[in-house]
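Coordinate inspection notes
Chain residues, written in single-letter form:
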Amino acid sequence: MNSKNKGNTFERKICKILSQWVTKGEREDIFWRSISSGAWNTIKKRTTTTQIGDITYIDDLGKPFIEKFAIECKSYKDVQMIKLFSENSIINKWWDKINEEADGKYPIIIFKENRSCEFMVIPYSIFDTLNSDEGFSYKNYIKVESADNTFYIIKLSDLLEYNYTEFMNNIR
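I will try to describe carefully the structure that is included in this document. Residue positions are given per chain, counted from 1 along the sequence in the order it is written. Two thresholds apply to this predicted model, a pLDDT of at least 70 for residue-level local features and 80 or more for giving and counting side-chain atom pairs, whereas whole-chain, interface and lining totals are computed over all residues. Processing note: side-chain calculations cover all non-hydrogen atoms of the structure and skip hydrogens and water entirely.

**Brief notes about a negative patch on the surface**
- The patches reported here contain residues having more than 30% relative accessible area and no salt bridge. Joining distances are 9 Å for like charges and 5 Å for nonpolar side chains (Val, Leu, Ile, Met, Phe, Trp, Tyr). Computed with the Shrake-Rupley method and a 1.4 Å probe, the accessible areas treat only the protein chains shown as cover for residues. Just to be clear on terms, a salt bridge is a Lys or Arg side-chain nitrogen sitting within 4 Å of an Asp or Glu carboxyl oxygen. Here Asp and Glu are counted as negative and Lys and Arg as positive; His is not counted, and neither are the chain ends. By convention, the charge on Lys lies at NZ, on Arg at CZ, on Asp at CG and on Glu at CD. Judged by side-chain charge, Glu87, Asp96, Glu100 and Asp148 come together as a negatively charged surface patch.
- Where helices and strands are cited, they refer to DSSP runs of H or I of at least four residues and of E of at least two residues respectively, numbered from the N terminus. Within the secondary structure layout, Glu100 lies in helix α4 (residues 90–101).
- Only protein chains enter the area calculation, which uses a 1.4 Å probe; residues under 20% of their type maximum are buried, those over 50% are exposed, and those in between are partly exposed. Judged by relative accessible area, Glu100 falls into the exposed class, the value being 66%.

In structure tokens form, the structure reads like this:
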């Protein structure tokens, strides 16, 4: 599978997962790949569209989520997590890019490397808000802190254990 098809397939998978989370497993069609997925920088120069990131909503149930979050999806052969200690880390580059494009939304990166589970990169503010909730605790996480950024890497499955409605109510 070429990298473009791999990325498209991963985005569709994440759309279904998030749709099931929002609907408590009842539906898979709340979110879909945005029209601009993979081409945001080019489109941004030509239009005033508010679409940001790889995922958008196709049902109004997803609107509150997309209005709060800019989501990028990445599926790579090898993310090389050990390079998080380097400024050349691919995750750091993704984080810088989504932060530039988020336009007031919370940036989120959902990524996967071959033969691995899905991970999320989230800002400190989301991690702190959720981690302070007595009903939720991240099982495992990586904190990345630099002069410019603080973000956390968690398993997507850990977030999905959190009730969607409570999640949205707790994130301001």
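Right, picking up where we left off after that structure.
**A word on empty space enclosed by the protein**
- Cavity means a closed set of points on a 1 Å grid over the protein atoms alone, one where a 1.4 Å probe fits but cannot get out, pocket means an open set with protein on both sides within 12 Å along at least 5 of 7 lines, and lining means a residue has an atom within 4 Å of a point. Grid points are joined across faces, edges and corners, and a volume is the space filled by probe spheres set on the points. Summed over the entire model, instances satisfying the criterion amount to 1 cavity of 30 Å³ or more.
- The space that makes up the largest cavity amounts to roughly 40 Å³.
- Forming the walls of the largest cavity are Glu72, Lys74, Trp94, Lys97, Ile98 and Glu101.
- A per-element tally of the lining of the largest cavity places α4 first, with 4 residues.
- The nonpolar class holds Ala, Val, Leu, Ile, Met, Phe, Trp, Tyr, Cys and Pro. Asp, Glu, Lys and Arg form the charged class, and all remaining residues, Gly among them, are polar. The class makeup of the residues in the lining of the largest cavity is 2 nonpolar, no polar and 4 charged.

**A closer look at helix α5 (residues 124–131)**
- When α5 is considered as a whole, its buried residues turn out to be Ile126, Phe127 and Leu130. Projection of α5 onto a plane perpendicular to its axis shows the buried side chains occupying an angular sector of 100°, all on one side. Comment: arc refers to directions from the helix axis out to C-beta atoms.

**Comments concerning the layout of surface pockets**
- The computed volume of the second largest pocket comes to approximately 300 Å³.
- In terms of lining, the second largest pocket is formed by 16 residues, of which the most central are Leu84, Ser86, Asn92, Val144 and Ser146.
- Counting residues per element, the ones that place at least two in the lining of the second largest pocket are α4 and β6 (141–145).
- When its residues are assigned to classes, the lining of the second largest pocket shows 6 nonpolar, 4 polar and 6 charged.

**So, the nonpolar core**
- Counting residues in each nonpolar core, the largest one holds 32 residues, and the members touching the most others are Phe65, Ile71 and Phe167.
- In terms of residue count, helix α1 (residues 3–22) provides more of this core than any other element does, 7 residues in total.
- Contacts were defined at the residue level, with two residues in contact if any of their heavy atoms lie within 4.5 Å. In this structure, Phe65 is in contact with Leu18, Trp21, Phe31, Ile71, Tyr164, Phe167 and Met168, ignoring residues within four places of it in sequence.
- By nonpolar core we mean a set of buried residues, namely Ala, Val, Leu, Ile, Met, Phe, Trp, Tyr and Cys, connected to one another through side-chain atoms within 4.5 Å. Within the second largest apolar cluster, 16 residues are counted, among which are Ala70, Val79, Trp94 and Trp95.

**A short note on the pattern of salt bridges**
- A full pass over the atoms with the stated rule returns 8 salt bridges.
- Salt-bridge contacts for Asp59 lead to Arg27; the nearest nitrogen and oxygen are separated by 2.8 Å. Residue Asp59 is located in the loop between β2 (55–57) and α3 (63–68), and its partner Arg27 is located in the loop between α1 and β1 (31–33); the two are separated by 32 residues in the primary sequence.
- Under the relative-accessibility criterion, Arg27 is labelled partly exposed at 29%.
- In this structure, Lys74 engages Glu72 in a salt bridge whose closest nitrogen and oxygen atoms are separated by 3.8 Å. Per residue, the accessibility class of Lys74 equals that of Glu72, and both read buried.
- Linked through salt bridges whose partners overlap, the residues forming this network are Arg27, Asp29 and Asp59.

Functional significance is not addressed by these values, which are geometric in nature.
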